[in-house]
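Next come the chains, spelled out residue by residue.
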Amino acid sequence: MELLNHLALGFSVAGSAENLLYCFAGVLLGTLVGVLPGVGPVATISVLLPVTFYLPPIGSLIMLSGIYYGAQYGGSTTAILVNLPGESSSVVTCIDGYRMAQKGRAGAALGIAAIGSFFAGCVSILVVAGLAQPLASVALAFGPAEYFSLMVVGLLSAAVLAYGSLLKALAMIVLGLLLGLVGTDVTSGALRFTFGFDGLFDGISFVVVALGLFGLAEIMENIEQQYARQTVRSNFRELLPNREEMRASWKAILRGTALGTVLGILPGTGATISSFASYALERKLAKDPSRFGQGAIEGVAGPESANNAAAQTHFIPLLTLGIPPGPTLAVLFGAMVMFGITPGPQVVTSHPDLFWGMITSMWIGNLMLIVLNLPLVGLWVRLLAVPYKVMFPGILVLSCVGVFSLRNSVFDVVLTAGFGLLGYVLRKLRCEPAPLMLGFILGPLMEEFFRRALVLSRGSPLIFVREPLSAFFLLIAAGLVLMLSWSWFRTQRRQVMSEAG
Amino acid sequence: MRHIRLNPDLLSGLFFISVGGIAIGVGASYRLGTPDDMGPGFFPVMLGVALLLLGIAVAALNARQGGDALAAIKVRPIVVVLGAVVAFGVLIDRLGIVLTIGVIVALCTLAGWRTNIREQLILFLCLAVLVPGVFVVGLNLPMPLWPHW
């Protein structure tokens with residue numbers, strides 16, 4: 001019953017005319033971002049942050065999270081219609097979705113993607129609503145040692161699930177943690193790693209890091225590849241899958257939802273990994289696996305449900321434990337802090353309107369997405385015809401304006417360029433920027449919890465293994481590392497990814 | 001276009017080693033303190049050591065496995081994108097947002113795509129109306145519209 005009361009509170013917040021508008025703006029922008037390759041949610045949310053200063057916190061967080069899950073939706077549209085994954089989580093959708101489109105079943109593929117996503121969204125929101133409160137109340141009892149160990153688990157699992165080398169991902173996390181320490185140390189007041197620049201006294205803004213590493217670096221890569229879009233030609237009449245296709249898909253939708261819901265709770269590249277995992281699972285379970293790659297509808301239904309479910313349950317670690325599970329939510333974490341709300345277990349009790357409003361807005365947003373996506377498909381496809389050479393100068397200008405308006409600092413703008421260069425070079429060195437972003441956000445917090453834990457234990461590092469919960473977290477962390485050395489897991493992962501790529 | 005061919009694992013290892021080294025060096029200049037009373041240098045030095053070790057591991061593993069070829073780092077995207085962003089930073093206070101957008105749009109023609117003057121002019125006009133319209137007039141962000149002498 002309590003849950004019902006909470007949901008009612010949430011709907012009363014999210015259902016206000018003002019917040020419905022923000023939600024709509026968010027999912028609309030998100031779909032746009034998802035449709036357009038070369039424009040990611042991380043950069044979009046960062047660019048929009050200065051605008052949100054002028055909105056109430058709840059409204060802006062509803063809008064920003066709308067961008068996040070809206071992008072998952074939009075990404076699948078272009079994957080199916082033009083074989084272009086707008087987001088990394090829709091890479092697998094290209095395989096069978098595009099084949100279906102070639103066979104004239106584009107409408108069915110789009111339809112099943114929307115139905116699967118909506119179903120997954122509904123289920124996973126219930127999971128978020130149900131799990132958040134108990135998890136938060138457990139987390140409220142955490143001491144500094146537990147928090148520190150929990151963050152270790154969060155960061156490690158992000159590294160384990162990242163693409164490429166584990167060692168590099170770990171190094172990127174540590175690099176991020178270090179960057180997070182730049183500026184004035186809260187405890188001692190000492191200036192650290194400022195190298196004499198006034199602009200660094202308050203630390204590096206997360207907007208600068210996110211826009212440089214993700215936004216600018218993406219533009220540089222697109223320029224390098226002289227990225228051009230194919231002209232789009234698609235014909236689809238009916239937008240609904242036929243009865244036979246529905247029968248083939250519903251189990252895949254259920255399995256994808258379950259898989260995505262579980263994987264999304266784990267920090268890491270949740271949505272992308274779960275869509276890959278769901279694809280692999282569907283092919284394994286299929287009576288005739290050779291159909292996959294030839295336009296099997298399960299290959300669209302499963303992954304699309306999985307990535308949407310994961311995108312929603314990703315909010316669980318953010319809102320209940322205060323741990324951002326991916327780069328986009330790391331930016332959202334920064335935004336919440338800017339609004340004076342520290343993400344973590346206390347959000348549920350101290351800002352119940354915000355917490356439940358955000359969760360129910362996701363359900364409303366999902367409903368809007370289904371309405372937005374199916375009839376407007378033609379419009380999205382036409383948008384793809386806008387050439388990148390016309391788009392990127394606009395993105396560049398918006399990025400600059402966004403960074404500059406944060407605190408009217410020219411230094412921040414130049415620093416963003418520096419992070420853009422770093423991001424471009426790191427991509428060339430096959431180092432993923434996502435773990436760095438997570439480390440950057442958690443750096444100051446981890447230091448604080450580490451310091452407090454050691455004060456409590458009078459300097460003995462054994463406190464991290466003596467506290468049972470903390471020891472449990474560290475055990476999970478060790479297990480994660482062992483899992484990576486488990487060769488089956490590695491080859492399996494590589495196999496799925498090479499087939500998809 | 002100059003192409004630099006080297007091994008990504010080795011280079012990233014070296015990069016991590018040097019950043020780790022800097023973190024240790026600079027971090028050690030702050031008060032370290034003791035574990036039960038950590039100074040501002042304690043955590044940075046700890047992270048620096050971790051980064052240094054990880055860098056060594058990345059580079060060493062590469063020496064054993066050989067690693068694969070480095071993708072070419074091109075000059076053009078760096079010049080265009082970083083040039084545009086730095087130009088914004090340098091010019092915004094002097095030229096104002098409208099002319100700065102003009103400079104950025106002009107710089108972007110160097111990105112390698114075939115462009116024509118009409119298309120760029122339309123692009124400039126769109127951005128020069130929309131961006132100041134939304135951010136300066138609409139949201140009142142403190143940013144000069146026009147150059148002031």
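In case you missed it, the structure is sitting above this.
Residues numbered from 1 in each chain as written. Chains lettered and ligands numbered in written order. Predicted model: local features only at pLDDT ≥ 70, side-chain atom pairs only at ≥ 80, totals over all residues. Heavy atoms only, no water.

**Q** Any chance you could explain the nonpolar core here in plain terms?
**A** For soluble globular proteins, nonpolar side chains are generally found buried alongside one another. Counting 178 residues, the largest nonpolar core has Ile204(A), Phe315(A), Phe392(A), Leu396(A), Met437(A), Phe88(B) and Ile97(B) as the members making the most contacts within it. The element contributing the most residues to this core is helix 3 (residues 75-108) of chain B, with 16 residues. Here Phe88(B) is in contact with Cys400(A), Val401(A), Phe404(A), Val413(A), Ile97(B), Thr100(B) and Ile104(B), once residues within four sequence places are set aside. Of all hydrophobic cores here, the second largest spans 17 residues; its members include Leu81(A), Ala108(A), Ile297(A) and Val377(A). (Core = buried A, V, L, I, M, F, W, Y, C linked by side-chain atoms within 4.5 Å. Buried < 20%, exposed > 50% of the residue type's maximum accessible area, 1.4 Å probe, protein only. Helix = DSSP H or I, 4+ residues; strand = E, 2+ residues; numbered from the N terminus. Contact = heavy atoms within 4.5 Å.)

**Q** So what exactly am I meant to see when it comes to the packing of helix 3 (residues 41-52) of chain A against helix 4 (residues 57-82) of chain A here?
**A** Helix packing geometry: the angle between the two helix axes and the distance between the axes. Residues and elements named next belong to chain A. One can describe the packing of helix 3 onto helix 4 by two numbers: an axis separation of 10 Å at closest approach and a directional angle of 165°. Here helix 4 runs roughly antiparallel to helix 3, going by the angle between their axes. Regarding helix 3 and helix 4, the two cross each other, and that crossing is right-handed. Together, Pro41, Thr44, Ile45, Leu48, Leu49 and Thr52 of helix 3 and Ser60, Met63, Leu64, Ile67 and Ala71 of helix 4 make up the contact between the two elements. Of the residues contributing to the contact of helix 3 with helix 4, the split by class is 8 nonpolar, 3 polar and no charged. (Axes fitted to C-alpha atoms, helices over the stretch in contact; angles between N-to-C directions. Parallel < 35°, antiparallel > 145°, perpendicular 65-115°, else oblique. Left-handed = near helix turned anticlockwise from the far one by under 90°. Nonpolar A, V, L, I, M, F, W, Y, C, P; charged D, E, K, R; others polar.)

**Q** Can you walk me through the pattern of salt bridges in this structure?
**A** A side chain with one charge may pair with a side chain of the opposite charge, provided their charged atoms come close. Residue and element names in this part refer to chain A. This structure, assessed with the given rule, holds 15 salt bridges over all chains. Between Asp185 and Arg192 there is a salt bridge, with the nearest N and O atoms lying 3.5 Å from each other. The class of Asp185 is buried, set by a relative accessible area of 3%. Classification of Arg192 by relative accessible area gives buried; the value is 2%. (Salt bridge = Lys/Arg side-chain N within 4 Å of Asp/Glu carboxyl O.)

**Q** Can you walk me through the interface of chain A and chain B in this structure?
**A** It is common to report an interface's size as the accessible area lost on association of the parts. With 63 residues of chain A in contact, the opposing surface of chain B contributes 66 residues. Summed over both partners, the interface of chain A with chain B comes to about 5,700 Å²; 82% of that surface belongs to carbon and sulfur atoms. Three residues, Leu167(A), Lys389(A) and Val397(A), lead the burial of chain A against chain B; their summed loss comes to 10% of the area buried on that side. Taken together, the connections running from chain A to chain B amount to 2 salt bridges. Between Asp9(B) and Lys168(A) there is a salt bridge, with its nearest N and O atoms 2.6 Å apart. Our count for the chain A to chain B interface comes out at 6 residue pairs in polar contact (both at pLDDT 80 or more). When residues of the side of chain A that touches chain B are traced back to their parent elements, those giving at least two are helix 8 (166-180), strand 2 (191-192), helix 9 (206-224), helix 17 (388-407), helix 18 (410-428) and helix 19 (434-456) of chain A. (Buried area = accessible area lost by both parts, 1.4 Å probe. Polar contact = N/O pair within 3.5 Å; in protein donor to acceptor, adjacent residues only side chain to side chain.)

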